[in-house]
2 protein chains.
Amino acid sequence: MRNLQPLAVKDVALNKGLLSERMRVIREEVIPYQWKALNDQVPGAEPSHAIENLQIAAGEKEGVHHGFIFQDSDVAKWLEAVGYRLATHPDPELEKTADEVIELLGRAQEEDGYLNSFFTIMRPEGRWTNLRDDHELYCAGHLIEAAVAYYEGTGKRNLLDIVCRFVDLIDSVFGPEPGKLKGYPGHQEIELALIRLYHVTGDEKHLKLAKFFIDQRGQQPHYFVQEWEKRGETGKSWYAWPLEYQQSHLPVREQTKAVGHSVRAMYMYSAMVDVARETNDVELMDVAKGLWRNVVSKQMYITGGVGSQEYGEGFSTDYDLPSDTAYTETCAAIGLVFWAQRLLQVEPKAEYADVLERALFNGVLSGISLDGQRFFYVNPLEVVPEVISRRRDHFHVRPTRQSWFGCACCPPNIARLVASVGKYMYGVEGNALYVHLYGDNTAEAVWAGKNVTLRQETDYPYEGEVKVSIEAPEAVDGVLYLRIPGWCQEWNVKVNGEIVTSPTLEEGYLKLARVWTNGDTIELSLAMPVMRVRSNTLVRETIGKVALQRGPLVYCLEEQDNGANLAALILPAESEFIVEFEEELNVPILRGEAKRYVSNTDELYTTAEPKAETVTITAIPYFAWDNRKSGEMLVWLREG
Amino acid sequence: MRNLQPLAVKDVALNKGLLSERMRVIREEVIPYQWKALNDQVPGAEPSHAIENLQIAAGEKEGVHHGFIFQDSDVAKWLEAVGYRLATHPDPELEKTADEVIELLGRAQEEDGYLNSFFTIMRPEGRWTNLRDDHELYCAGHLIEAAVAYYEGTGKRNLLDIVCRFVDLIDSVFGPEPGKLKGYPGHQEIELALIRLYHVTGDEKHLKLAKFFIDQRGQQPHYFVQEWEKRGETGKSWYAWPLEYQQSHLPVREQTKAVGHSVRAMYMYSAMVDVARETNDVELMDVAKGLWRNVVSKQMYITGGVGSQEYGEGFSTDYDLPSDTAYTETCAAIGLVFWAQRLLQVEPKAEYADVLERALFNGVLSGISLDGQRFFYVNPLEVVPEVISRRRDHFHVRPTRQSWFGCACCPPNIARLVASVGKYMYGVEGNALYVHLYGDNTAEAVWAGKNVTLRQETDYPYEGEVKVSIEAPEAVDGVLYLRIPGWCQEWNVKVNGEIVTSPTLEEGYLKLARVWTNGDTIELSLAMPVMRVRSNTLVRETIGKVALQRGPLVYCLEEQDNGANLAALILPAESEFIVEFEEELNVPILRGEAKRYVSNTDELYTTAEPKAETVTITAIPYFAWDNRKSGEMLVWLREG
């Protein structure tokens, strides 16, 4: 199996443009804000108690645990983001703060390595008794990811040593060996974290434990069933399909359709690819690819959002993609990015990068306001504030981003993804260097055994011109693979100013094999017209509708540009769009002609055809909605 | 204020056609089946315990009360339906059974007149302590309606005497006088029942009590708030707008928008018209008309269903009419018929009759299967069984009618409406005789002081030809008003074979003033083409869509005629329909050409336009859906 290595976060410097700007916001706004939130210093916000919980667990403060049972994971995700941030932008003061938190984690860790403030404080005797619900392994997973990121970002082993001790304990408790528990997490996360740990430690034990959790899941006798029987419960659940909720309804290798809680699903599917890659397990890889096909061809929104319903924060069924009641949790889109990246490592096909890009630039970035101060947990594709306020089945949708959440999973998840976005841009394997994502950056890589600096100059995703320059002290006999995005139907490429007349495409990547020397340039020109995208006709919601897309950016209409009742706007087949740059939002917007249906009557029902007024409509990138006034928003426009 | 009198149920004999056939099914299937259900004799069905509860309350059996707190109302609704049934089709055996039930009710009645098996058995000390939730006045209302119907149908006062004693008690407990409770029912129903009782008894006390309940509702200090404070509750409710649920958020006269539980709303709005009419209260009538405009111009489905959401079984907000998650309880459509009839009594405008007819032939009749053995509680306008099975916000929708319900309000409500449908057809006031509804029937009326027999010969609602003959021993100097349905755009009328060349229309009624003599005939011909109906463009759900309607019947598509994925069918502007008679369903069906969108790809998103295949589509009357195989159903078709 192939194994492309992403570049390290520290080796990719985003220079300017959208991703760079989003990283800046994470760095300057989100990480400091979250630090305050973890310390209960945000006026008006519900206190997190996350740091306090650790202080209590460390015996340094009196009190009980507050917040969710997985409150520790907020600290872990913050530390992970800090690790990435320090990798690209060292900051001694922040590093000192992080080191202090890590020391606190060390003091909160129990003698035997156990580390979870809830159980240490509240139920020391209850460890590992309710894997389905209690998130112990989930929190451990986030700590592990934080430790790896912090180690990679700072070179410090302080958190790594703490989590290795914890993992030693977990490994002594869980596993196929007699006497060990045959359990696995209710919320997957530790599996992919253990693989990351394995990459750093090289310790086979970490790989084996991840593989155990994957292989054991859903096996009979069913661990969660045995657990609930031990607790004297009947297994009756608030959820109609109790075992599907955590993707434990079947052994993992028998799963073919994405079901249940979508974030759990994404994390598990990611780990499946990891385990398959590391153990050369073709069968497991095929299962992961089958689930991928199900998700991307039947259950994914055009924004890269997944999870069609609030119920179980999860999948509903194939082709069921309601715009207004969509759940499409920010964390699930982030999970889809994780999964796509892992598939790309094994199979560098543009299809995976296309989805990664779709999710990143749309369903992930929509989760955070332009100023970095407000967040969406739920990312719908249609919003009518009045309906949200009166329809129970819309109550989970918010018409505007919130400053923080009781369940604060999404904001720190965005922070850690965006802060590490450099590692999603490239893949290297021997003499092959893949460019998966475009964005103005400078990257350091070892390519065909040589140190090279790649410089991308571009306004991507706003413009399709990308100039790649190679700085190489020594000539590099390497193959450069430049992704031709799935959305792009017309493109050309020049090498050192000369057009490449018969370019070779391989799985959606433009293949440029050459001995590269210092100063070589590649100019890729991706035509970026405004496109009308249609869903498969099996999607009831979007029959007869189009979404506007330009480059990887899905567009939407907001009430403040287009008036209320956006649903009555009809896009004629012949209308064309112009692209303008909008200063306030700092994004390219689209303007074009449409019709607006207006009734001739106050009655509800009539045989008369409505009037169609000609109007100019304005569309903005989906990720940038709700940054001005609150109001209606719509992605899918009727065509007619 | 005007006051048209409906004809009595016994005076209208339905001879043949849809309404006659539905009455037959009620008579032959539903009433006997419900009797078995009330006696727990339906194999496989959850026992009702309704008769048993009364036996226990009467001290004739040991045990506790089972079922809902309003279980008695099932018995009352059955007796009411029996009253109507005996009015049109005497049946000594059934009457004997009913008399025995009435005797049982008499024995279950307490010394002081109180009659409610739940409180008598379970909480004798708890009477009138939780009006908001406990349905005592609601059950009383249904008993009163039953008593009136039974008296009118059989001439017997047995149930009337029982309820008059009960009402005397209620009147001694509630009222504006000092020392009486200032409460009113949580579920409105007794208000309209008391007006019916007043018509039979002529006792002003009954009218005054009804008026009190209406006027007192929502006044400050708020009775329900005082009640819950007495119970030591905070008023925190499962419902986001606790006082709106029962339309007690404002004094009745200040209400302008329909909110809350839709059946309660319909019953209350009906009673408001009753009280306004009986007390010549123009202000109250104007409030009722304002609420009517809100409902019919902003919150009513094309089927006459009301109640857009399952949450609170209620209204959501203006123009919010989702097809697939619609609640549109059968009882609410029935309530809309009640309300429309009362408005017609005061203002004979075709608008009211149009809505009455729309609800009756669509949203009410859809509640019962053609064979009378299965019922819908919820009447959606779009069903995809797979989605219903996997989407939590669709779980209230059933893909197929059920044989009985735990909360069995709808089946007996259909029974009592359909069994009494004759009284919705005519209105008489002095020398004016209004024909509101068409259907083959023979009616006895006193018109301009003379006894006349009117005979309608017609296949309405399947055909638009209606022949009315007058049998009158004496000449009648009367004005005949024939409703020209709102859906009808082309019509003509002949009197004694001569076309009326300059017909006069008055509020949607054709006015024929004449001295009528025996044998006079009127031939009304209502053109009944297939119509494409559009919603107001403020209804997001149906923008760009049409519903097919012919005469008063709304049509729908079923999967078994049209294949799966009905949403992908597109109706071209130019396609025409032919009408055929379908033998199995015994209804006229529509056939026409449409297009079906079929994707060229297995991918979810594409810039390619889908293929459009030409297909023949078949539409059947909405009320007749789900009488063959289960599958998808769709009312609103995309046009394009």
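As the structure is a computational prediction, the values presented were derived from the model and not from experiment.

### Observations regarding the interface of chain B and chain A
Right, on to step 1. Between chain B and chain A, the residue contacts involve 67 residues of the former and 67 residues of the latter.
Right, on to step 2. Carbon and sulfur atoms supply 52% of the area buried between chain B and chain A, which totals about 5,200 Å² over both sides.
Right, on to step 3. For chain B, the biggest contributors to the area lost against chain A are Arg390, Leu604 and Tyr605 of chain B; these three give 17% of the whole.
Right, on to step 4. At the junction of chain B with chain A, the criterion picks out 10 salt bridges.
Right, on to step 5. For the interface between chain B and chain A, the tally reads 40 residue pairs in polar contact (both at pLDDT 80 or more).
Right, on to step 6. Secondary-structure elements contributing two or more residues to the side of chain B that touches chain A are α13 (282-299), α16 (385-390), β14 (530-535), β19 (587-598) and β20 (605-606) of chain B.
Right, on to step 7. A per-element tally of the side of chain B that touches chain A places α13 of chain B first, with six residues.
Right, on to step 8. By residue class, the composition of the side of chain B that touches chain A is 30 nonpolar, 17 polar and 20 charged.
Right, on to step 9. Strand direction decides the pairing type here: strand β20 (residues 605-606) of chain A and β14 of chain B, joined by two bridges, are antiparallel. Within β14 of chain B, the residue paired with Thr606 of chain A across the bridge is Arg534 of chain B.

### A closer look at the packing of aromatic side chains
Right, on to step 1. One pass over the full model with this rule turns up 68 aromatic pairs over all chains.
Right, on to step 2. Ring plane angle 80° and centroid distance 6.1 Å describe the contact between Trp241 of chain A and Phe395 of chain B, whose orientation is recorded as edge-to-face. Of this pair, Trp241 of chain A sits in the loop between α11 (223-230) and α12 (262-279) while Phe395 of chain B is found in the loop between α16 and α17 (410-419), placing the two residues in two different chains.
Right, on to step 3. The buried category is assigned to Trp241 of chain A, whose relative accessible area is 18%.

### Some remarks on the relation of the copies chain B and chain A
Right, on to step 1. In screw terms, the move from chain B to chain A is a rotation of 180° and a rise of 0.0 Å along the axis, fitting with an RMSD of 0.0 Å. Those values place the two copies in the arrangement expected of a two-fold rotation axis.
Right, on to step 2. The share of interface residues of chain B whose copies in chain A are also at the interface is 100%, consistent with both copies meeting through the same surface.

### Focus on the pairing of strand β12 (residues 509-516) of chain B
Residues and elements named next belong to chain B.
Right, on to step 1. As paired elements, strand β8 (residues 476-483) and β12 share eight bridges and run antiparallel to each other. Opposite Arg483, over in β12, you have Tyr509 as the bridge partner.
Right, on to step 2. Where strand β11 (residues 504-506) meets β12, three bridges bridge the pair, whose relative direction is antiparallel. Opposite Thr504, over in β12, you have Lys511 as the bridge partner.

### Structural notes on the packing of helix α4 (residues 92-108) of chain A against helix α7 (residues 136-154) of chain A
Residue and element names in this part refer to chain A.
Right, on to step 1. At their nearest, the axes of α4 and α7 sit 13 Å apart, and the two run at 140° to each other. In this view, α4 runs oblique relative to α7, as classed from their interaxial angle. Where α4 crosses over α7, the two elements pack in a sense that is left-handed. Residues Glu95, Ala98, Asp99, Ile102 and Leu105 of α4 pack against Leu143, Tyr150 and Thr154 of α7.
Right, on to step 2. Residues that form the contact of α4 with α7 fall into these classes: five nonpolar, one polar and two charged.

What counts and how
Residues numbered from 1 in each chain as written. Chains lettered and ligands numbered in written order. Predicted model: local features only at pLDDT ≥ 70, side-chain atom pairs only at ≥ 80, totals over all residues. Heavy atoms only, no water. Contact = heavy atoms within 4.5 Å. Buried area = accessible area lost by both parts, 1.4 Å probe. Salt bridge = Lys/Arg side-chain N within 4 Å of Asp/Glu carboxyl O. Polar contact = N/O pair within 3.5 Å; in protein donor to acceptor, adjacent residues only side chain to side chain. Helix = DSSP H or I, 4+ residues; strand = E, 2+ residues; numbered from the N terminus. Nonpolar A, V, L, I, M, F, W, Y, C, P; charged D, E, K, R; others polar. Pairing = 2+ DSSP bridges. Phe/Tyr/Trp six-rings, centres within 6.5 Å; stacked < 30°, edge-to-face > 60°. Buried < 20%, exposed > 50% of the residue type's maximum accessible area, 1.4 Å probe, protein only. Least-squares fit on C-alpha atoms with pLDDT ≥ 70 in both. Axes fitted to C-alpha atoms, helices over the stretch in contact; angles between N-to-C directions. Parallel < 35°, antiparallel > 145°, perpendicular 65-115°, else oblique. Left-handed = near helix turned anticlockwise from the far one by under 90°.

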